[in-house]
Amino acid sequence: LRFDEVYVVYFKTNTRTVAGTPSILNYCREIYQMSGVAETVNMEQIKTHYYTSHPIHNHFSIIPRGPDFESLLKQEPKREL
């Protein structure tokens, strides 16, 4: 669930995003909306941790705003892709 918010930028895996891949985005929505999962996702904490705890990768601890990926996860999964 943290791929687009962190890995795409931080680890330079930006050839494809979950948000740009409908079938994977739909799967992530289904997982996120399972009972008890959304309550464990704190995207601000996840981003803060990744962008500030590895100074060799991010010398100035800059945390990008980026798109609001979590809002995409809250949308109803599409049944037909």
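Here is what the cut-offs are and how they apply
- Residue numbering note: each chain is counted from 1, following its sequence as written.
- Local features in a predicted model are, by the rule used here, given only for residues with pLDDT of at least 70; side-chain atom pairs are given and counted only at 80 or more, and totals for whole chains, interfaces and linings are based on all residues.
- Side-chain metrics rest on all non-hydrogen atoms present in the structure, leaving aside hydrogens and water.
- In this description a helix means any DSSP run of H or I spanning at least four residues, a strand means any run of E spanning at least two, and both kinds are numbered starting from the N terminus.
- Only protein chains enter the accessibility calculation, which uses a 1.4 Å probe. A residue is then buried if its area is under 20% of the maximum for its type, exposed if over 50%, and partly exposed in between.
- We score Asp and Glu as negative and Lys and Arg as positive, and we do not count His or the chain ends.
- Just so you know, the charge point we use is NZ for Lys, CZ for Arg, CG for Asp and CD for Glu.
- Think of it as the arc spanned by the lines of direction from the helix axis to the C-beta atoms.
- Any pair of residues with heavy atoms lying within 4.5 Å of one another is described as a contacting pair.
- pLDDT expresses, on a scale from 0 to 100, how confident the predictor is about each individual residue.
- Joining through side-chain atoms within 4.5 Å is the link that ties buried Ala, Val, Leu, Ile, Met, Phe, Trp, Tyr and Cys residues into a set, and such a set is a nonpolar core.
- Any carboxyl oxygen of Asp or Glu that lies within 4 Å of a side-chain nitrogen of Lys or Arg is treated as forming a salt bridge with it.
- In protein, a polar contact means a hydrogen-donor-capable atom and an acceptor-capable atom, both N or O and within 3.5 Å, with residues adjacent in sequence counting only if both atoms are side-chain atoms; elsewhere, any N or O pair within 3.5 Å suffices.

Undergrad: Would you take a moment to explain the overall build of the protein for this structure?
TA: Helices and strands together make up the secondary structure of the protein, namely four helices and zero strands. Per-residue burial for the protein yields a buried fraction of 30% across its 81 residues. Separation between the mean location of the 9 positive side-chain charges and that of the 9 negative ones in the protein comes to 6 Å.

Undergrad: I'm lost on helix 2 (residues 22-32) in this one. Help?
TA: Leu25, Asn26, Cys28, Arg29 and Tyr32 are the residues of helix 2 that are buried. For helix 2, the angular spread of the buried residues around the axis is 160°, confining them to a single face. Tucked inside the fold, the buried residues of helix 2 contact helix 4 (69-73).

Undergrad: Even after reading the chapter, I still don't get the confidence of the model for the protein, so can you show me in this structure?
TA: Where the model shows low pLDDT, its predicted coordinates should not be examined in detail. Confidence in the prediction for the protein averages 85 pLDDT; 95% of positions are at 70 or higher. Highest mean pLDDT in the protein belongs to helix 2 (93); lowest belongs to helix 1 (residues 3-10) (74).

Undergrad: Looking at this structure, how should I read the nonpolar core?
TA: Where a protein is soluble and globular, its nonpolar side chains tend to be buried together. In this structure, Val6 and Leu73 are the most contacted members of the largest nonpolar core, which totals 13 residues. The dominant element in this core, judged by the number of residues it contributes, is helix 3 (residues 43-52), at four residues. When residues no more than four places from it in sequence are discounted, the contact partners of Val6 are Phe11, Ile46, Lys47, Tyr50 and Tyr51.

Undergrad: I would appreciate a short explanation of the side chain of Glu70 in the present structure.
TA: Locating Glu70 in the fold gives a position in helix 4. No salt bridge forms around the buried Glu70; measuring N to O, its nearest opposite-charge neighbour Lys74 is 4.7 Å away. Polar side-chain contacts of Glu70 include one of 2.7 Å to the side chain of Tyr32. Apart from residues no more than four positions distant in its own chain, Glu70 is found in contact with Glu5, Tyr32, Val41 and Met43.

Undergrad: Explanation requested: the environment of Ile46 in the structure shown.
TA: Along the chain, the position of Ile46 falls in helix 3. Relative accessible area serves as the criterion here: at 11%, Ile46 is assigned to the buried category. Between the C-alpha atoms of Ile46 and Gln33, which are 13 residues apart in sequence, the distance is 18 Å. Those residues in contact with Ile46, other than ones at most four positions away along the chain, are Arg2 and Val6.

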